[in-house]
Amino acid sequence: MSESQSIVTRSIPGAAPPPAGGAPKPATSPAKFGTFGGVFTPCVLTILGVIMFLRFGDVVGNAGIFNAILIVLAAKAITTLTTLSLSAIATNTRTKGGGAYFLISRSLGVEFGGAIGTVFFLAQAISASMYVIGFAEAFVGTFPGLGLSLATVATATNLGVFVCVMIGAGWTIKVQYAILAVLLLSLVSFAAGVPQAIDPELFKANWGPGFVAGESWVTMFALFFPAVTGIMAGANMSGDLKDPASSIPRGTLWAIFFTALIYLGLAVLLGMVRPRGGEDGLIGNNMIMNDIAVVPWLITAGVFAATLSSALGSMMGSPRILQAFARDQVLPVLRPFAAGSGASNEPRRATVLTFVIAQACILMGDLNAIAPVITMAFMITYGTLNLASFYESFTKNPSYRPRFKYCHWSLSLAGALACLGVMLLLNWVWAIVAIAGMCGLYWLIAQREVEANWGDVKSGLAFERARKNLARLEDEAYHPKNWRPMLLTMGGAGEARRHLATYGHWLTNGHGIQTLGLVIEGQLIEMMDRRAAQRKVLRNFIREQRLSAFPAVVVSPSVADGITALVQAHGLGGLEPNTVMLGWPDLRKAEDVADDPNEASAAAAEASATRRRFAKLTHTVARLNRSVVLVRSRDRDEKVFAPPGGTIDVWWRGRDNGPLMLMMAHLLTKNPEWRRHKIRLLRCVPNEAASTEVHKHLRELADTARIRVDAQTFVTDNAPVTIRVQSARAAVVFLGFAPPEGDEAGETFVTGFEKFLGDLPRVVLVNNAGGVALES
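Being a predicted model, the structure only gives us computed values, none of them experimental.

Turning next to the pattern of salt bridges. Enumeration according to the criterion identifies six salt bridges in this entry. Where Arg-320 meets Glu-346, a salt bridge forms, and the shortest distance between an N and an O atom there is 2.8 Å. Of this pair, Arg-320 sits in helix H12 (residues 296-327) while Glu-346 sits in the loop between H12 and helix H13 (348-364), and the two are 26 residues apart along the sequence. Judged by its relative accessible area of 5%, Glu-346 falls in the buried class. We note a salt bridge from Asp-710 to Lys-678, for which the minimum N-O separation is 3.7 Å. Highlighted residues: Asp-710 in strand E8 (residues 710-715) and Lys-678 in the loop between helix H22 (658-668) and strand E7 (679-685), separated in sequence by 32 residues. Assessed through its relative accessible area of 23%, Asp-710 is described here as partly exposed.

Below you can see the structure in the form of structure tokens.
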């Protein structure tokens, strides 16, 4: 069996190393099976099981011929829908070993695949023990004179099945050919005995329903449906098939069609030869087919064959699921079972574990209590397979190009819903238990954060949702109630100005989107490698600091031109940035070199040029109809993740910038780090007469905005001094500003604010482009 695709590149204990680049391949090639031996035969043998021999008479007797036909058709419709989904997925990828696990994990992801792999492996292993016990019960009942106990016969049978599988899949398939021959001979024997017992009056009497007390169409469907759940027997052999993409669809569909004809024929024939009740009636007579057959012992042989074939199928399929699951290293404890033996890569270690599980279940005795769980495990697997096909098709993933063309997403969805309906129909309590167990396994695997190196439908599904939502945002008219912070934060290369990324994260976390922008000065053709490297640096910074942000790196002749380009072009539809965050220019170099006149003069000239460029950039961004946020922080960057104590001060000067400042203050308090910080809504007034009215206005404003604040007014004729004094101990101060126009205004804009702000450690200057309404 070919090795399934690993999550990470590691050596597998016990697995043979790959041949060297030019080394010839071994002369012996693993045996591969075709459609008939590898898919059709295992499926037919699993579907034509003991229910056909021992329970189908009850179905016909209670439901009647017509309803029995409907039950068979309804059950076959569900398995056909699932097979269509199975065929689509199997022909869309290079199918390797692992059957349902491989197909589901490569579509829905490692979490779904891992949960299904665990459940399906255990279900198959326990099923082997159930079939072995079924054989043992039939054997002991047929040969009571031998004096053998049920446990002895079951253990010997389990050991025999184990030896057949350990020899290899080739030997097991040959054994299954012989079993199929016995099974078909038993059916021929039954059919040959029918003409002698046909009674047209019985056909009329048995056409309609005749349910005994406590039975109904639903209970008869629940009794029959497990008989048709063998459609994965061939897919479980996917790694041993010559051409899985061709054999799985053809072999499984032909098996469904062939067995449907047999069950439909049996429904008609049984209804024509025996009455409903009585000693020789259909209801309650498990050996009804034995009574009709020309050679009765062939029916007994058929029962033996049915149980043995199902046991062989489970014992052969279960290890292959475990081997593929172990090779993907979802659970490290399973790594030893990834090894294969011989040219055909037989999963012998996994087979030993399957045998041990089956034998433990045999020694437990009665398995009726867990039989519903096994059925639920199969149904969950089939439903998930339908779900995988539905998502792949519905998301219109360009890579989803199955060669099997007879499956539409609506059919897959119908199959998934039908599987869920059957689960609830069979036993709603166990259905809920099984679904809860699957969710638990999914959660445990998701917690491990396993990184798969194969693509799955999750990214395609996310893309499709994003595409539709973007189109919807583009079409809908904007309303201030739906304003969200969409920040373009120009924080440099990661650690350079970490406080900007941190403040941006606090303002957007759970509420908006932050993009960390970086401009590399130079020519694009010369800076391509550096651009790729810096983008990687930004991604690593975002991941290491656990920020909710996206990187954006551009190359431009100047920083200002690069920022302007990002503001104009970054974003998509309704997700364009509405706010640009810039760091306040650090102009302290001129002070540091003041003792050297020449250096001080050069530094002063550079500082003046920086002030003008910064002011011009601020003005340009504002003209592009973006809100501008300027962050001036005296903190060292390594301390910025721990907000200092104090209040969040918002100095109100009117509705131009006030709504955005108050909204940002509110967004800060939504972070756990800021939750205990109190917002103060402050305003300076020229006299006492205005103080009461302004204070009332601030309270009404906060009430309308539904934001809890402490409103205060200060009577002063020197607002800058009052602001510096009152906010000296604040954690952060929000102030509004108007962008400057012209070089001279730009020069005074920076120097004026430096003087105005003084030693305030953390200040956020805000210019609002609109779009925020506190009343919304």
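Attention now moves to the packing of aromatic side chains. Tallied over the full model, the rule gives 32 aromatic pairs. Measuring from ring centre to ring centre gives 6.1 Å for Trp-584 and Phe-749, while their planes differ by 50°; the resulting arrangement is tilted. Of this pair, Trp-584 sits in the loop between strand E4 (579-583) and helix H20 (589-592) while Phe-749 sits in helix H25 (residues 743-757), placing them 165 residues apart in sequence. For the pair Trp-584 and Phe-749, one class covers both residues: buried. Every member of this aromatic cluster is reached through a ring pair, and the members are Trp-584, Phe-614, Phe-737, Phe-749, Phe-753 and Phe-756.

Here the protein chain averages 83 in pLDDT, while 89% of its residues score no lower than 70. Segment residues 1-28: pLDDT under 50, and 58 contacts once partners within four positions in sequence are set aside and those in other chains are kept.

A word on helix H21 (residues 597-623). With 27 residues, H21 extends 39 Å between its outermost C-alpha atoms, agreeing within 8% with the 39 Å of an ideal straight helix rising 1.5 Å per residue. Just beyond H21, the residue with positive phi is Asn-625, at close to 65°.

Right, let's talk about the pairing of E8 for a bit. Sheet analysis places E7 next to E8, joined by six bridges and oriented parallel. Considered in E8, the bridge of Arg-683 is made with Thr-713.

Strands in a sheet are paired, the pairing made by backbone hydrogen bonds, and the direction either parallel or antiparallel. The mixed open sheet is built from 10 strands, whose spatial order is E3-E2-E1-E4-E5-E10-E9-E6-E7-E8. Sheet topology places strand E3 (550-556) and E8 at the edges, where each strand pairs with a single neighbour. Pairs of neighbouring strands in the sheet enclose a mean axial angle of 25°, with direction left out of account.

Cut-offs and rules
- Residues numbered from 1 in each chain as written.
- Predicted model: local features only at pLDDT ≥ 70, side-chain atom pairs only at ≥ 80, totals over all residues.
- Heavy atoms only, no water.
- Salt bridge = Lys/Arg side-chain N within 4 Å of Asp/Glu carboxyl O.
- Helix = DSSP H or I, 4+ residues; strand = E, 2+ residues; numbered from the N terminus.
- Buried < 20%, exposed > 50% of the residue type's maximum accessible area, 1.4 Å probe, protein only.
- Phe/Tyr/Trp six-rings, centres within 6.5 Å; stacked < 30°, edge-to-face > 60°.
- pLDDT = per-residue confidence, 0-100.
- Contact = heavy atoms within 4.5 Å.
- Expected span 1.5 Å × (residues − 1).
- Pairing = 2+ DSSP bridges.
- Axes fitted to C-alpha atoms, helices over the stretch in contact; angles between N-to-C directions.

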